[in-house]
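As a plain string of letters, each chain reads:
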Amino acid sequence: MQIVVLGSGCALASKSRGPAGYLVRSMDSVLLMDCGSGTLQRMARSGVVPVDLAGIFISHAHLDHIGDLTAILFMLHLPEQERADDLLIHAGPGMGKILEGLQGVFGEWLTPSGCALHALEHQEGRFEVGELLCEVRPVQHHSSSIGIRVRGADGCTVAYLGDTDLCDEAVELCRGVDLAIMECSLTDDDDRPGHLNPKRIAELARRAKPEGLLISHLYPETAELDIPALLESHGCRIPAAVAFDGMGIAIDPPAH
Ligand SMILES: [Zn+2]
Ligand SMILES: [Zn+2]
């Protein structure tokens, strides 16, 4: 399994970090997780176009996570992007209404060529995207927020929480995974609810015990921090890497 970071930033524009977007690439299936603005182009840079996607997961309906959805659907409308399989967008409550609204404004230009488009709203549950087995649970950030845990056919597991506060569901999604992708929007002296800071990440990791951490969704203040050192100072011994746009991470199948 391979993870590609398309955007390691947030809603605040930065020279080097675009808003949220990630690819999970398994042998036969590619899952797009979130699509903030610029995702379409950064996806193309890593050799993936929308017709290649087995499905799309949206963590929540904030624009730094869905800004490029219209651009992706518009590209899929072009005849040369015709796809055989229906395109499913897996998201939390409210996605159907958003899609309906966008299609109400843009009409047929957002209808994929050759296939149907469906928004599947989940609170909690399991589904398959190609060969990827997915499990979602609600997390604490926005009324539409869900996090996801993905298992590849090779047994590799990754969790992506979108934006969230520390909560039991986030712990369950990350429990024992090979890689947990966690946001770091806040500094340790900022304890506003709805996001993670290094202290909360360390606590989440202590409870969930993932094999590795990928820290992303960085704001200018948190991008300047040495987050792995801070996690260590909070007693977290799990290897942690800080995401950057274009970063690729190979996850090897478990030995057992
Ligand atoms: Zn966000
Ligand atoms: Zn958000």
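Data block above holds the structure.
These numbers come from a predicted model, not from an experiment.

(A) Local environment of the sheet that holds strand β10 (residues 157-160). Strand order in the open sheet made by the seven strands is β7-β8-β9-β10-β11-β12-β13, with mixed pairing throughout. Each end of this open sheet is capped by a strand with a single partner; those strands are β7 (125-129) and β13 (240-242). With direction set aside, neighbouring strand axes in the sheet form an average angle of 25 degrees. Summarising the sheet, β10 and strand β11 (residues 179-184) pair through three bridges and their orientation is parallel. Within β11, the position partnered with Tyr160 by the bridge is Ile181. Relative to β11, helix α6 (residues 198-208) is tilted by about 155 degrees, and along the sheet it contacts β11 and β12 (213-218).

(B) Local environment of the coordination of the zinc ion (ligand 1). With distances of 2.1 to 2.2 Å, the protein atoms coordinating the zinc ion (ligand 1) are Asp64 (OD), His65 (NE2), Asp163 (OD) and His217 (NE2). Relative to the metal, the four donor atoms surrounding the zinc ion (ligand 1) lie at angles of 91 to 163 degrees, and the coordination shape comes out irregular. We note that the donor set of the zinc ion (ligand 1) lies within a single chain, spaced as D-H-x97-D-x53-H. Between the two metals, the zinc ion (ligand 1) and the zinc ion (ligand 2), the spacing is 3.4 Å, and Asp163 donates to both. One end of the pair, Asp64, is in helix α2 (residues 63-66); the other, Asp163, is in the loop between β10 and α5 (168-174), with 99 residues separating them in the sequence. On the basis of relative accessibility, which here comes to 9%, the residue Asp64 falls in the buried class. Overall, the relative accessible area of 2% leaves Asp163 in the buried class.

(C) Highlighting the pattern of salt bridges. For the structure shown, the criterion picks out six salt bridges. For Glu135, the salt bridge identified is with Arg137, shortest N-O distance 3.1 Å. Overall, Glu135 belongs to the buried group, its relative accessible area being 14%. Put simply, Arg200 and Asp165 hold a salt bridge, and the shortest N to O gap is 3.6 Å. Placement of Arg200 in helix α6 and of Asp165 in the loop between β10 and α5 is noted, with a sequence separation of 35 residues between them.

(D) Fine view of empty space enclosed by the protein. Taken as a whole and judged by the stated rule, the model has two cavities of 30 Å³ or more. If you add up the space inside the largest cavity, you get close to 40 Å³. For the lining of the largest cavity, the secondary structure elements donating two or more residues are β11 and β12. Considering each element in turn, the lining of the largest cavity owes the most residues, three residues, to β11. Each residue belonging to the lining of the largest cavity can be placed in one class, and the counts come to five nonpolar, four polar and two charged. Class assignment of the residues belonging to the lining of the second largest cavity gives a composition of five nonpolar, four polar and no charged.

(E) Just the coordination of the zinc ion (ligand 2), in detail. Around the zinc ion (ligand 2), the protein contributes the donor atoms His60 (NE2), His62 (ND1), His141 (NE2) and Asp163 (OD), which lie 2.2 to 2.5 Å from the metal centre. Here the zinc ion (ligand 2) binds four donor atoms, and the angle range of 92 to 170 degrees at the metal identifies the geometry as irregular. Ordering the donors of the zinc ion (ligand 2) by residue number gives the pattern H-x1-H-x78-H-x21-D. For His141, a relative accessible area of 23% translates into the label partly exposed.

(F) Layout of the sheet that holds strand β1 (residues 2-7). Pairing is mixed across the open sheet formed by seven strands, whose spatial order is β6-β5-β4-β3-β2-β1-β14. Taken across any chain shown, the strands that pair with only one partner, and hence form the sheet edges, are β6 (117-121) and β14 (248-250). Looking at each pair of strands side by side, their axes are set apart by 20 degrees on average, direction ignored. Bridge analysis of β1 against strand β2 (residues 21-25) gives five bridges, and the strand direction is antiparallel. Its bridge partner being in β2, Ile3 is matched across the sheet by Val24.

(G) Representation of the side chain of Asp165 in the model. Overall, Asp165 belongs to the buried group, its relative accessible area being 11%. Within the structure, the side chain of Asp165 is placed 2.9 Å from the backbone nitrogen of Gly194, a separation counted as a polar contact. If we ignore the near neighbours within four places in the chain, the residues touching Asp165 are Gln140, Ala170, Pro193, Gly194, His195, Leu196 and Arg200.

(H) Structural detail: the environment of Val150. On the secondary structure map, Val150 appears in strand β9 (residues 146-151). Spatially, the C-alpha atoms of Val150 and Arg126 are 9.8 Å apart, while their sequence positions differ by 24 residues. In this structure Val150 touches Met1, Val24, Leu31, Leu132, Leu133, Cys134, Cys156, Thr157 and Val158, once residues within four positions along its chain are discounted.

So, how was this worked out
- Residues numbered from 1 in each chain as written.
- Chains lettered and ligands numbered in written order.
- Predicted model: local features only at pLDDT ≥ 70, side-chain atom pairs only at ≥ 80, totals over all residues.
- Heavy atoms only, no water.
- Pairing = 2+ DSSP bridges.
- Helix = DSSP H or I, 4+ residues; strand = E, 2+ residues; numbered from the N terminus.
- Axes fitted to C-alpha atoms, helices over the stretch in contact; angles between N-to-C directions.
- Contact = heavy atoms within 4.5 Å.
- Donors = N, O, S within 2.8 Å, 3.2 Å for Na, K, Ca; no water.
- Tetrahedral: all angles 85-135°; square planar, octahedral: opposite > 155°, others 65-115°.
- Buried < 20%, exposed > 50% of the residue type's maximum accessible area, 1.4 Å probe, protein only.
- Salt bridge = Lys/Arg side-chain N within 4 Å of Asp/Glu carboxyl O.
- 1 Å grid on protein atoms, 1.4 Å probe; cavity = no way out; pocket = protein on both sides within 12 Å on 5 of 7 lines; lining within 4 Å.
- Points joined across faces, edges and corners; volume = space filled by probe spheres on them.
- Nonpolar A, V, L, I, M, F, W, Y, C, P; charged D, E, K, R; others polar.
- Polar contact = N/O pair within 3.5 Å; in protein donor to acceptor, adjacent residues only side chain to side chain.

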